[in-house]
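Here are the chains, one letter per residue:
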Amino acid sequence: MSSAPTHAAPRPRHVLPGFGLTIGTTLLYLAVIVLLPLAALLLKAGEIGPDGFWRLLTSPRTQASLQITVSAAALATVFNAGYGLLMAWILVRYDFPGKRFIDALMDLPFALPTAVAGIALTALFSKNGWYGEILEPAGIKVVYTVTGVAIAMAFTSAPFVVRTLQPVLEDIQPDVEEAAATLGAYRGAIFRKVIFPAILPAYLTGCSLAFARCLGEFGAVIFIAGNLPLKTEIAALLIFIRLEEYDYPTAAAIATVLLAAAFGILLLTNAVQAWQMRYRAKAK
Amino acid sequence: MTVAVQSSGKKASLLPRLLIGLGVVLTILFILMPVLVIFAQAFSKGADTYIANILHRETVHAIILTVVVTLFVVPVNVLFGVVAAWAITKFEFPGKKLLLTVIEIPFSVSPIVAGVIYILLYGGQGLLGPLLEKFDLRIMFALPAIFLVTLFVTSPFVARELIPLMEAQGSEQEEAAVTLGASGWQTFWHVTLPNIRWALMYGTVLCAARAIGEFGAVSVVSGNVRGETNTLPLQVELLYHDYNAAGSFAAASTLTLIALLALVVKALLERRVQTRRGAGH
């Protein structure tokens, strides 16, 4: 990464063959697989109309599910913001036995199917589980609570913060810090004034990606949540239930909300990334 | 990379140790233990029961279906990834940024929403529902639906690995080859492919892992017909709700092994990419 060649010379346009074929195939595939189904949702949402939307979304059960989803996702993201920063820092900055193993483990939540993560976490935290055995007598109930929902969300979204921070931390030249240290800056000050501003865009990107993932998480959550309406029922599950009842308008309305939230976050992270590019370009 | 520790001298050594300790303990509790509990539960009734559970007719059927879906979906999305990466990194055209965003859309769509949009397109009340009915075609709650949503969910994986790499590598080598008279296909095969093969493999592994493990989207569109449209992750859920914990965790353990295998392959591929880059300088 350190020595990406600079393309100073303007390259002649379309020297290479295959533009028509590749761009055509790409657009066609995306149209059929991604855009057409999305258009179906938007059409359905359009049919419902603003009034219908309002009515469907303000039902107590829908409201509760959206609220539970957002608060659990926020809780999970706060945890991952701390955990991710810690892990990225120790994996980039320090050497310790088992580091390669720990580094590899960081990807596990993405590799593990969400349903598998869901039953595993439920087994750990249930009354007779390895963690539940200790926590429940202490009065901490995780299974069938919003805490449980947040833990499941945190697990499946854990890699986002670590993996977005790692490359940026690696890019920070140690000599900048050394210079700061030589000039007498304390470690805390170095972190706040030199390192943190440099990693902030990536940090925000990682956190918002994690949050977006939490909002839509389904497989990991439904097992540990117990899915009590108004208490631990997340929006994604309510969509599923409405679909099973053939209540497509409500399912479509909630799905539109989740989709809009996801797109909003995607646009936000793209803006942050553009900002980061400028920041890094300026730094070089 | 250990500069920070050493340069700050003795006083600094306590904080790094604390941080490393905290990080390792949290990772073991939070990431590793869920994996261990799967195997502990799967083997809770002994190895014989475990094997019997894996060889149960419905579970075997779910394994086969999952393999079939993966073998169909992965090649399609590998091809899509390569084609899209070629179009995006080798040519300049307006709307490129928008195209990149569209490619990434499936990553930010909830699996459940992915299922919903396909139902609203191909379902009985869906956009194309009447048309499909006229020709007596059934997509929803059947195999085609599972193929389609899995295609949707896994479509960005390969493209996303290839685009940044090919962008960084530039096109000089390919342009030289074409100028010297190589055909486009020869250029791709002999010049581009060797440069991108590890990233391509890596993207393929990620794509396959997700195709095997996708739950939410498949759950919405499959119709959950026992022994018919149940993929392995759905079978895990079904057994779990049947209060057959050992059976559910046995099925889950096979998925976990695949996930662990994917991680090992990923680690190996990453090392290759790094050593190749190192050797280049």
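What counts as what
Residues numbered from 1 in each chain as written. Chains lettered and ligands numbered in written order. Predicted model: local features only at pLDDT ≥ 70, side-chain atom pairs only at ≥ 80, totals over all residues. Helix = DSSP H or I, 4+ residues; strand = E, 2+ residues; numbered from the N terminus. Contact = placed C-beta atoms within 7 Å. Nonpolar A, V, L, I, M, F, W, Y, C, P; charged D, E, K, R; others polar. Domains from an automatic or database assignment. pLDDT = per-residue confidence, 0-100. Core = buried A, V, L, I, M, F, W, Y, C linked by C-beta atoms within 7 Å. Buried ≥ 20, exposed ≤ 12 C-beta atoms within 10 Å, placed from the backbone.

Thoughts on the overall build of chain A
In terms of regular secondary structure, chain A is built from 13 helices and zero strands. The linear arrangement of helices and strands in chain A, starting from the amino end, is α-α-α-α-α-α-α-α-α-α-α-α-α. Along the first, second and third principal axes, the C-alpha set of chain A runs to 65 × 60 × 30 Å. If you take every contact in chain A between residues at least 6 apart in sequence, the share linking residues at least 24 apart comes to 79%.

Points about the interface of chain B and chain A
Contacts between the two partners involve 82 residues from chain B, matched on the other side by 84 residues from chain A. No other element matches helix α2 (residues 14-42) of chain B, which puts 17 residues into the side of chain B that touches chain A. Its residues placed into classes, the side of chain B that touches chain A shows 56 nonpolar, 20 polar and six charged.

Section: the domain arrangement of chain B
Residue and element names in this part refer to chain B. When cut into domains, chain B gives domain 1 (1-42) and domain 2 (47-280). Once you take the C-alpha centre of each, domain 1 and domain 2 turn out to be 32 Å apart. With five residues of domain 1 at the interface, the matching set in domain 2 holds eight residues. Residues belonging to the side of domain 1 that touches domain 2 are distributed by class as follows: four nonpolar, one polar and no charged.

Things to note about the confidence of the model for chain B
All names here are of chain B. With 92% of its residues at a pLDDT of 70 or more, chain B has an overall mean of 89. The lowest-confidence element of chain B is helix α1 (residues 3-7), averaging 44 in pLDDT; the highest-confidence one is helix α4 (residues 57-90), averaging 96. Per-residue pLDDT stays below 50 along residues 1-10; that stretch engages in 17 contacts with residues further than four places along the chain or on separate chains. Scored below 50 in pLDDT, residues 277-281 makes one contact in the model with residues more than four places away or belonging to other chains. Both scores are given for the predicted complex: the pTM is 0.89, the ipTM 0.89.

Focus: the nonpolar core
Membership of the largest hydrophobic core comes to 167 residues, with the highest contact counts inside it found for I239 of chain A together with V116, V149 and V221 of chain B. The element best represented in this core is α4 of chain B, accounting for 14 residues. If near-sequence neighbours (up to four positions away) are discounted, V116 of chain B is found in contact with L41, I239, L243, A251, A252 and A255 of chain A together with V220 of chain B.

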